Amino acid sequence: MLFSELAELCGALGGTTKRKEKTRMLAGFLHRLEPEEIPSAILLIVGSVFPEFDPRALEVGWRTMRRVLEGGRQTTLIDEPLTITRVHRTLEEIAEATGPGSRRRKESLLEGLISRADPGEVEVLVRIVFGEMRIGVSEGMMLEGIAEASASSIKLVRRALMLTGDLGEVARIALEGGEEGLGRVSVRMFVPLKPMMATMSYNIAEALEEHGGRAAFEYKFDGARIQIHRRDDRIRVYSRRLTDVTESLPDVVDVVRGRIASEDAILEGEAVAVGGGGRPLPFQDLMRRFTRVHDIADMVEKIPLRLHFFDVLYLDGRLLVDEPYEARWRLLEGGCPEDLLAERLITGDAAEVEGFLKRALEEGHEGLMVKRLDGRDIPGVRGKGWLKVKPTETLDLVIVAADWGSGRRRGWLSNYHLAAGSEAGYMVIGKTFKGLTDEEFGWMTRRLQGLKARETETTVHVRPEVVVEVAFNEIQRSPRYRSGFALRFARVTRIREDKEPEDADTLGRVKELYDKQFQFKDRIIL
DNA sequence: ATTGTCTGCCCC
DNA sequence: ATTCTGC
DNA sequence: GCAGAATGGGCAGACAAT
C-alpha cells in the first residue's frame, strides 16, 4: 500500500477525538493492508519503527531533522511514490547505520524519504521519527482497532501484547488467526512481559479504602524496575521499557545465580544504588550504573546495587499473572531469601501503615506501594490493583520565563521557568508544565505577557512577579542550571496571588532542603 | 586524544 | 515521571 | 477510569569536530 494512504489515515485520525470513530477507521484500514505490511504499518501509525524490546534506534532527533528539512531539496519527478514497506525499510536502514560517517548516512537516507514525500507525508514522517504521532492513537487505541478488525475480544488482544511486547506481531496474529491465534500466544522465556504499573494515590486512608479496608503495603524504592528471566544458567535482566540491560548489571546476574533458588522463573523487582553506610544513594547515582557499557566492573564496586524483589510472573512452566497477589508472593518467598524481598506489611490499620511509611522514609526510600490482596497482574496497564503513595514537599518559586506550548497547548505559555532568589538574583531550579487547567493556562499566559521583558522564538522572559507553589519529590544536583540544583517532578499546586516575589523561597532554603535529604540517604564521592 | 553535540519507544 | 482532558 | 498528550532532569554513549 502507498504511504500516502497511511498519511491520509493519520490525518483523519487526528481530525477526531471520538474513540469509537478512531477504532472504526483503524479497523477499516487494517483490513486493506497486505499481510506482510501489517506489522510495519501498525508500528508507523503509533509513531514507532521497532517493537519495544528491539534495541535498534534511529538516533535522529530534532536537530538532525531540522537540518534535513532546511537543507535545500528538490523533488525528483522520476521517483516512484513511497510505499509503507519502503518507508519502514528505509527507517530500519537509518537505525542500522552506525560507526564513522553514520550521521551523514542517516541524514542522507532521511533526506531521500523527505524529498519523495508530499507535504502531508512529510508531516507524518517527521512525527514518526520523533516517535510521537499525536493523533490520539497510541498503543491502547491500536489494540482497540486490532480487536475490532479481527473480531476478537480486547482482553485477548491485550494479553497477546503483554506476552509479546510487539504491537505489529499482535496485529498480524489477530488478523491472520483471530481469537484462536491470539489464544495460542503464550509466555516465552527471554521475551520480557510488559510490566504492571501503579496508580497515584494521595494518602493512606484513600488507598486503604480503595482496596476494601485491608491491603498489602510494600516499600516503594527510588530505583529502577527490573524483570529477570532465568532458566537454569541463562539469566537476562530487562528494564521497565523491556530493554535488555543484562550486560550493564553483572552484579544483578550474580545475585540471581547465587541466591535465588527458582531456576525457571520470571521475577520482578527494583534495583537500588547503595552507599557505604548501607543507605540508598540518590537516583542520579543509580543511573550511572544503568546504561553503562564501559568500565562496568569498576562501577560495580563504586556503586553497588541492592535488589528488592516483589513479584513472580512465571515459575516452573506456569504463567502466574492470573494468580492472586498473595499466592504469587508465597511462590516468590519460596525461591527468594528474605533480605532480597521488598519490605512488606499486611494490615487494615491506618495508624500502623503510617508507622510503616515513616520507617520507609527514614530508611531513605520513596514511599509505599499499596496492593490488593486478591489482585491479579494486569501487565501493560496502569491498573488500580497497585497504588503508590509518595509524600511531596513544596516551595514557593518565582516564574522568570515561560515557553510557548505546542499541540493542544499551542497559543499558551505553558512551560514555566521556576526560580529562587539569591544574592546573584533569581536562579532557575527547574521548569514545569504541570498542574494548571486550560483556564489557568489562559490566565497565566495573559498575566505573563503583561510582564514581558524580552523574548525569543520559543521563550518569553518576564519580570519576576508571579509566585507559584510548586510540589516536587526530590532536589537533585544540576549540571545544567547555574544554581546547581534542580527539582525532580516539579508541578504547580497553587498560584500564590497572595505572595510577592520577596516572600518566595530562597536558594539558601533550597540548599538547606537538599542537604537535609542526606539525613536518610547516603552521599557518594567519587 | 580531548572536547562538544546530539540522542534515547533512556531511566525516573 | 505527573497532570489534565475527552470519551 | 482509561488513554493520550504535553512536557520535566540527568545519565552514558556514539559520533563529529578540533
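Keep in mind the model is a prediction, meaning the values are calculated, not measured.

What counts as what
- Residues numbered from 1 in each chain as written.
- Chains lettered and ligands numbered in written order.
- Predicted model: local features only at pLDDT ≥ 70, side-chain atom pairs only at ≥ 80, totals over all residues.
- Heavy atoms only, no water.
- Domains from an automatic or database assignment.
- Contact = heavy atoms within 4.5 Å.
- Buried area = accessible area lost by both parts, 1.4 Å probe.
- Salt bridge = Lys/Arg side-chain N within 4 Å of Asp/Glu carboxyl O.
- Polar contact = N/O pair within 3.5 Å; in protein donor to acceptor, adjacent residues only side chain to side chain.
- Near = heavy atom within 4 Å.
- Helix = DSSP H or I, 4+ residues; strand = E, 2+ residues; numbered from the N terminus.
- Nonpolar A, V, L, I, M, F, W, Y, C, P; charged D, E, K, R; others polar.
- Pairing = 2+ DSSP bridges.
- Axes fitted to C-alpha atoms, helices over the stretch in contact; angles between N-to-C directions.
- UniProt positions renumbered as here; feature names shortened; annotations may be inferred.
- Phe/Tyr/Trp six-rings, centres within 6.5 Å; stacked < 30°, edge-to-face > 60°.
- Parallel < 35°, antiparallel > 145°, perpendicular 65-115°, else oblique.
- Left-handed = near helix turned anticlockwise from the far one by under 90°.
- Buried < 20%, exposed > 50% of the residue type's maximum accessible area, 1.4 Å probe, protein only.
- Core = buried A, V, L, I, M, F, W, Y, C linked by side-chain atoms within 4.5 Å.

Enquirer: How should the domain arrangement of chain A be read in this particular structure?
Expert: Interfaces are often sized by the amount of accessible area the parts lose when they come together. In terms of domain boundaries, chain A breaks down into domain 1 (3-183), domain 2 (197-389) and domain 3 (393-518). Measuring from the centre of the C-alpha atoms in domain 1 to the corresponding centre in domain 2 gives 34 Å. With 7 residues of domain 1 at the interface, the matching set in domain 2 holds 6 residues. Interface area for domain 1 against domain 2, summed over the two sides, is near 600 Å², with a carbon-plus-sulfur share of 67%. Three residues stand out in domain 1 for area buried against domain 2, namely E52, R158 and M162, and they jointly supply 65% of the buried area on that side. Scanning the region where domain 1 abuts domain 2 turns up 0 salt bridges. Linking domain 1 to domain 2 there are 0 residue pairs in polar contact (both at pLDDT 80 or more).

Enquirer: What is the right way to look at the protein's contact with DNA strand B in this model?
Expert: Among the 24 residues in the neighbourhood of DNA strand B, the closest are listed as A57, G61, R63, T64 and R241. What you see for DNA strand B is that sugar and phosphate hold 82% of its atoms within 4 Å of the protein. Here a phosphate oxygen of DNA strand B and a side-chain polar atom of T64 are 2.5 Å apart. Between DNA strand B and the protein, one listed contact pairs a phosphate oxygen with a side-chain N or O atom of R240 at 3.4 Å. Those elements that place two or more of their residues in the surface near DNA strand B are α4 (62-70), β3 (224-231) and α13 (283-290). Within the surface near DNA strand B, the residues separate by chemical class into 9 nonpolar, 6 polar and 9 charged.

Enquirer: Help me out: how do you make sense of the pattern of salt bridges in this one?
Expert: Note that side chains of opposite charge can pair when their charged atoms are close. If you walk through the whole model with that rule in mind, you get 50 salt bridges. Two residues, E363 and R359, come together in a salt bridge whose shortest N-O distance is 3.8 Å. Ionic contacts of the salt-bridge type, sharing partners, join the residues D54, R56, R89, E92 and E96 into one network.

Enquirer: Help me understand the sheet that holds strand β9 (residues 367-371), please; the structure alone is not making it clear to me.
Expert: For sheets, the rule is that strands pair by backbone hydrogen bonds, running either parallel or antiparallel. Read from one edge to the other, the open sheet built from 5 strands follows the order β1-β10-β9-β2-β8, with strand pairing classed as mixed. Every interior strand has two partners, whereas the edge strands, β1 (197-201) and β8 (344-347), have only one. Across the sheet, the axes of successive neighbouring strands diverge by a mean angle of 35°, strand direction being ignored. Summarising the sheet, β1 and strand β10 (residues 382-389) pair through 4 bridges and their orientation is parallel.

Enquirer: Looking at this structure, I do not really get the UniProt feature "active site" (unreviewed entry) in chain A. What am I missing?
Expert: When the UniProt feature table is mapped to this numbering, "active site" (unreviewed entry) covers K220. Position of K220 among the secondary structure elements: in strand β2 (residues 215-220). Sequence-distant contacts of K220, that is, excluding residues within four places in its chain, are made with H365, E366, G367, L368, M369, K388 and K390.

Enquirer: Could you clarify how one ought to interpret the packing of aromatic side chains in this entry?
Expert: The geometry of two aromatic rings is summed up by the distance between their centres and the angle between their planes. Counted according to the given criterion, the structure contains 8 aromatic pairs. Note on Y325 and W329: the rings are 6.2 Å apart at their centroids and 40° apart in plane angle, and the pair reads as tilted. One end of the pair is Y325 and the other is W329, both in helix α15 (residues 325-335) and 4 residues apart, which spans about a single turn. Through successive ring pairs, a cluster of aromatic residues spans Y219, F221 and F356.

Enquirer: How should I be thinking about the protein's contact with DNA strand D in this particular structure?
Expert: G99, M141, V293, F433 and Y481 are the nearest of the 44 residues found near DNA strand D. Within 4 Å of the protein, the contacting atoms of DNA strand D are 85% sugar and phosphate, with bases supplying the remainder. M141 places a polar main-chain atom, nitrogen or oxygen, 2.5 Å from a phosphate oxygen of DNA strand D. Of all the secondary structure elements, the ones that give two or more residues to the surface near DNA strand D are α6 (102-115), α8 (139-149), α13, β10, β12 (413-422), β17 (474-477) and β18 (485-488). Across the surface near DNA strand D, the residue classes tally to 12 nonpolar, 17 polar and 15 charged.

Enquirer: Just to check I follow, could you spell out the packing of helix α1 (residues 3-14) against helix α2 (residues 19-32) for this structure?
Expert: Between two packed helices, the angle of one axis relative to the other and the distance separating the axes together describe the packing. As a packed pair, α1 and α2 sit with axes 10 Å apart at the nearest point and diverge in direction by 170°. Comparing the axis directions of α1 and α2 gives the class roughly antiparallel. Here α1 contributes E5, L6, L9, A12 and L13 to the contact with α2, which in turn contributes K22, M25, L26, F29 and R32. Considered class by class, the residues forming the contact of α1 with α2 number 7 nonpolar, no polar and 3 charged.

Enquirer: What am I meant to see in the packing of α1 against helix α3 (residues 38-45) here?
Expert: At a minimum axis distance of 11 Å, the contact between α1 and α3 shows a crossing angle of 40°. As α1 packs across α3, the resulting crossing turns out to be right-handed. Residues F3, L6, L9 and L13 of α1 touch α3, and the partners they reach there are A41, L44 and I45. Along the lines of polarity and charge, the residues of the contact of α1 with α3 split into 7 nonpolar, no polar and no charged.

Enquirer: So what exactly am I meant to see when it comes to the side chain of D311 here?
Expert: Among the structural elements, D311 can be located in strand β6 (residues 305-315). Its relative accessible area of 2% is what places D311 among the buried residues.

Enquirer: I'm lost on the nonpolar core in this one. Help?
Expert: For soluble globular proteins, nonpolar side chains are generally found buried alongside one another. Residues L6 and L91 are the most contacted members of the largest nonpolar core, which totals 71 residues. Formed jointly, this core draws a minimum of three residues from each of two domains, domain 1 (3-183) and domain 2 (197-389). Grouped together as the second largest cluster of nonpolar side chains are 58 residues, A216, A271, L357 and V389 included.

Enquirer: Explain the sheet that holds strand β5 (residues 264-273) here, please?
Expert: The sheet built from 5 strands is open, its strands ordered β4-β3-β5-β6-β7 with antiparallel pairing. Strands at the two margins of the open sheet, each flanked by one partner only, are β4 (234-239) and β7 (318-319). The sheet contact formed by β6 and β7 spans 2 bridges and is antiparallel. Within β7, the residue paired with L315 across the bridge is R318.

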